[in-house]
Structures are given as C-alpha cells and as structure tokens.
Amino acid sequence: MRILVTGAHGLLGQKIAIIAAQESDHEILLTDKDRDTFFKNPRFDYQQLDITERGDVRSLVKNYAPDAIINTAAITNVDACETEKELSWRVNVDGLKNLIFPAKKLGTCHVVQISSDYVFDGRSKAAYTETDRPNPISYYGKTKLAAENALKASGVSGAALRTQVLYGTGYNVRPNFVTWVLSMLEKGGPFNVVTDQIGNPTFVDDLAFGCLRIAEAKANGIYHVSGSESVSRYEFARAIADEYGFDPESIGTTTSEEIGQAANRPLNSSFSTLKFESEFRYKPANVQQGLARLYQQYREGSKHLKVLFKHISQIEESGSDNA
Ligand SMILES: NC(=O)c1ccc[n+]([C@@H]2O[C@H](COP(=O)([O-])OP(=O)(O)OC[C@H]3O[C@@H](n4cnc5c(N)ncnc54)[C@H](OP(=O)(O)O)[C@@H]3O)[C@@H](O)[C@H]2O)c1
C-alpha cells in the first residue's frame, strides 16, 4: 500500500512510521510543514507539506496517488486554540478538507482522520460509544467535530479515530502527560494533579497500530481508539510514579476549577473501545501495560528510534550516545 502521512514530525506521525517500517512493506511518504526533516532513513521519503496550502496539497495527492492518507497534522494545544481560533480552524478543519478533495478525486484513496474525546462534554455517566451525541465545550473540540462532519459529508472513503491522553516517546516531540509527570517527579515534587478529569490514557503505539489497520481495511465511520482503562489524571500520575520507581506520595490532589485552564475540559470522557477491539481483534494496553511498554522503550533508548533516524545509529557508532 502507498500511504501519505501528514504531521509526521509529531508523536503519532513518528510512531506510525516506526510501526509501518517494522511490520509492513507499505510505501510511506512522510510529510510535515517543516522544510527540513530529521528523517534520514532510506525506507521513507519525506516532503514538506503544509496542509493549509490547498494548491500544494492538491498537487502532492494527485501526483503521489496514495491508497490512504493518515492525517495526524493538527493544532494540538487545546488552550492555545481558545485564542488562536482562526489558525486552529484553518489547520484542524480546512486542512482536512484540503486533503479530502483530491483524495475523493482519486476515487480509491481512503482518509484516516484523528479526532478526540474533546468532541464530548464529559457529562455522561457511562463510557462514550461511537454513537453517543457529541457536544464540544472547547474550541479545539469544535474543530475536531467539524472535521469529523466534513469527512462524513464529503462521501470520501474514510474513518475518524477518536483518541485521548496520548503518551509515548519520539524524537523532539511535545511534552505529554507522562513526560510532564516524570519531569515533576524528577525535580522531587511535591506537585498536584487533578482528580476530576477522567479518561483512558492511550499509549501512542496502540493508536499508530489502529491507524494502520483501519487504513489497510479501508474501514469507514467513527472508531474510539484509546487505552482500555479509565482512570483519573491523579490515579494515572500515581501509576506513573509506581512504574518508574518514584514515591507516589509526592503527588497531591487538585481540581479543574482550582487550576483554571484556558479551555474547558470534558471531565469524564471515558471511552468504550469495544467496536475497535472486536472488529480488529486487538486489545489496547491498560495503564500498567502501556507504562511498562514505554519504560522498556526508554530503557532501550535510541535503539527504539533507530528504525527511523539513521543519524541516531551513526551517533551510536561514533560512541557519543550514552543510551
Ligand atoms: N495528544 C493528545 O493527547 C491527543 C488527544 C486526542 C487527539 N489527538 C490528535 O491526535 C493527532 C496527533 O497528535 P500528536 O500528539 O501526534 O500531535 P503533535 O505531536 O502536536 O503533532 C502534530 C504535527 O502536526 C504538525 N502540523 C501543525 N500544523 C500543520 C500544518 N499546517 N501542516 C502540516 N503539519 C502541521 C505539527 O508541526 P509543529 O509541531 O511544527 O506545529 C506536528 O508535527 C492530532 O490530530 C491530535 O489532535 C491528540
């Protein structure tokens, strides 16, 4: 299969490349908005692509003629979306539409869009399923729902994968909840974590796996692809401390109201992942399993990323890498 990945310098984009290289013979074109790339592996082609540049998107999709596009590119800073509304709409909604149009023209191209638990208001008493009614309470959530709707309305073959609390390793990636908690624990604490935000932390490897399987199957519709266990952020932080050998007692409690984040969060956005699990016969990691797999990747250090970045193996060969 020939797959075009957008936002490939991000956490999910990198992981899709690593997993695809390890377990498939897909031909992959990685793209992001940067002109230069740290991808040096001959297994992957890289090309600059800003998904808001409609003309560039149209000609790249037309010329490369992918069987699938996996759109991981997005403005992902939820609080910044409240003040950067125009930009976040242009990237998160119009960017997807720019991809859909030429994909539809190709006729055989499947589009995989990454969506979010933030399409929900978090007031449900039960875990959300794919058929529950969205009601976003943040601007980021509104952009993600509008993108889902644009995909559906376009009639292109495609799926929206909703995920949440993504964590994992990558090269130069943005901090995520786990890396933030680890940095606070390393500083020695104490620090406080909210007890009233509840959801399913998602090990990025599981989501990358889901993106590839759904693209290969050309599955349509909405899929909840997240970790298989629902916990509060406070419980998750304590589990991180346990797994990495820190003292969980250095973590105190707080509430969403006390910390006052710019964007509203859905308080309980727990997912049911049964649809994805049963259709693809795959059970994503629970909290302990995900953290253990991540710990293993940290232990392996740069070996884990060698699949992707040739220069890392060159650094190791020259003996200047401690990992
Ligand atoms: N992280 C989470 O907890 C979470 C939860 C639910 C859903 N999601 C969704 O999952 C997807 C992947 O998330 P992630 O954590 O991998 O995000 P990420 O690490 O922030 O990666 C996003 C990538 O997209 C790039 N990008 C931004 N604007 C672009 C544009 N106009 N054209 C092309 N590329 C552009 C970014 O480049 P720059 O870094 O240079 O801006 C970055 O490399 C996103 O759709 C996100 O909304 C994430």
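This structure is a prediction, so every number in the text was calculated from the model and none was measured. (Residues numbered from 1 in each chain as written. Predicted model: local features only at pLDDT ≥ 70, side-chain atom pairs only at ≥ 80, totals over all residues.)

Section: the overall build of the protein
And then number 1: Of regular secondary structure, the protein possesses 13 helices and 13 strands.
And then number 2: A compact globule built from 323 residues would reach a C-alpha radius of gyration of about 20 Å, and the protein, at 19 Å, matches this within 12%.
And then number 3: With respect to the principal axes defined by its C-alpha atoms, the protein has extents near 55 × 55 × 40 Å.
And then number 4: Relative to its 323 residues, the protein shows a buried fraction of 45%. (Helix = DSSP H or I, 4+ residues; strand = E, 2+ residues; numbered from the N terminus. Rg over C-alpha atoms; globule rule 2.2 N^0.38 Å. Buried ≥ 20, exposed ≤ 12 C-beta atoms within 10 Å, placed from the backbone.)

Describing the pairing of strand E1 (residues 2-6)
And then number 1: Across the 5 residues of E1, 4 count as buried, placing the element largely inside the fold.
And then number 2: As judged from the 4 bridges shared by E1 and strand E2 (residues 27-32), these two strands associate in the parallel manner. Directly across from Arg2, in E2, lies its bridge partner Glu27.
And then number 3: Crossover E1 to E2 through helix H1 (residues 11-23) is right-handed.
And then number 4: When E1 meets strand E4 (residues 68-71), the two strands line up parallel, connected through 4 bridges. Considered in E4, the bridge of Leu4 is made with Ile69. (Pairing = 2+ DSSP bridges. Right-handed = clockwise from strand over helix to strand, strands pointing away.)

Regarding the site of the ligand
And then number 1: Taken together, 26 residues sit near the ligand, with Gly7, Gly10, Leu12, Ala73 and Ala74 positioned nearest.
And then number 2: For the shell around the ligand, the secondary structure elements donating two or more residues are H1, helix H4 (85-106) and strand E5 (110-116).
And then number 3: Ranked by residue count, the leading element in the shell around the ligand is H1, at 3 residues.
And then number 4: Considered class by class, the residues forming the shell around the ligand number 10 nonpolar, 12 polar and 4 charged. (Near = placed C-beta within 6 Å. Nonpolar A, V, L, I, M, F, W, Y, C, P; charged D, E, K, R; others polar.)

Considering unusual backbone geometry
And then number 1: Unlike most non-glycine residues, Lys218 shows phi in positive territory, near 50°.
And then number 2: On the secondary structure map, Lys218 appears in the loop between helix H7 (204-217) and strand E11 (221-224).
And then number 3: Exposure remark for Lys218: the 17 C-beta atoms within 10 Å place this residue in the partly exposed category.
And then number 4: We note that Arg281 has phi near 45°; this positive angle belongs to a residue other than glycine.
And then number 5: With 8 C-beta atoms counted inside 10 Å, the residue Arg281 sits in the exposed group.

Points about the environment of Arg58
And then number 1: Following the sequence through the fold, Arg58 ends up in helix H2 (residues 54-64).
And then number 2: On a C-alpha basis, the gap between Arg58 and Ile100 in space is 9.3 Å, while along the polypeptide they are 42 residues apart.
And then number 3: Sequence-distant contacts of Arg58, defined by excluding residues within four places in its chain, comprise Phe101 and Pro102. (Contact = placed C-beta atoms within 7 Å.)

Let's talk about the packing of H1 against H7
The description of two packed helices rests on the angle between their axes and on the distance between the axes.
And then number 1: Two numbers describe how H1 lies on H7: the axes approach to 9 Å, and their chain directions differ by 65°. On the basis of their axis angle, the class for H1 and H7 is roughly perpendicular. For H1 against H7, the interelement crossing comes out right-handed. Contacts between H1 and H7 involve Leu11, Leu12, Lys15, Ile16, Ile19 and Ala20 from the first element and Val204, Asp205, Leu207, Ala208, Phe209, Cys211 and Leu212 from the second.
And then number 2: Of the residues contributing to the contact of H1 with H7, the split by class is 11 nonpolar, no polar and 2 charged. (Axes fitted to C-alpha atoms, helices over the stretch in contact; angles between N-to-C directions. Parallel < 35°, antiparallel > 145°, perpendicular 65-115°, else oblique. Left-handed = near helix turned anticlockwise from the far one by under 90°.)

Regarding the sheet that holds E2
And then number 1: In space, the 7 strands of this open sheet follow the order E3-E2-E1-E4-E5-E6-E11, with parallel pairing throughout. Of all strands in the sheet, those bounded by a partner on one side alone are strand E3 (45-48) and E11. Averaged over neighbouring strand pairs, the angle between their axes works out to 20° when direction is ignored.
And then number 2: As defined by bridge partners, E2 adjoins E3 across 4 bridges and the pair is classed as parallel. Each bridged residue has a counterpart across the sheet, and for Thr31 the counterpart in E3 is Gln47.
And then number 3: Strands in contact with H7 are E1, E4, E5, strand E6 (158-163) and E11; relative to E6, the strand with the most contacts, it is inclined by about 165°.

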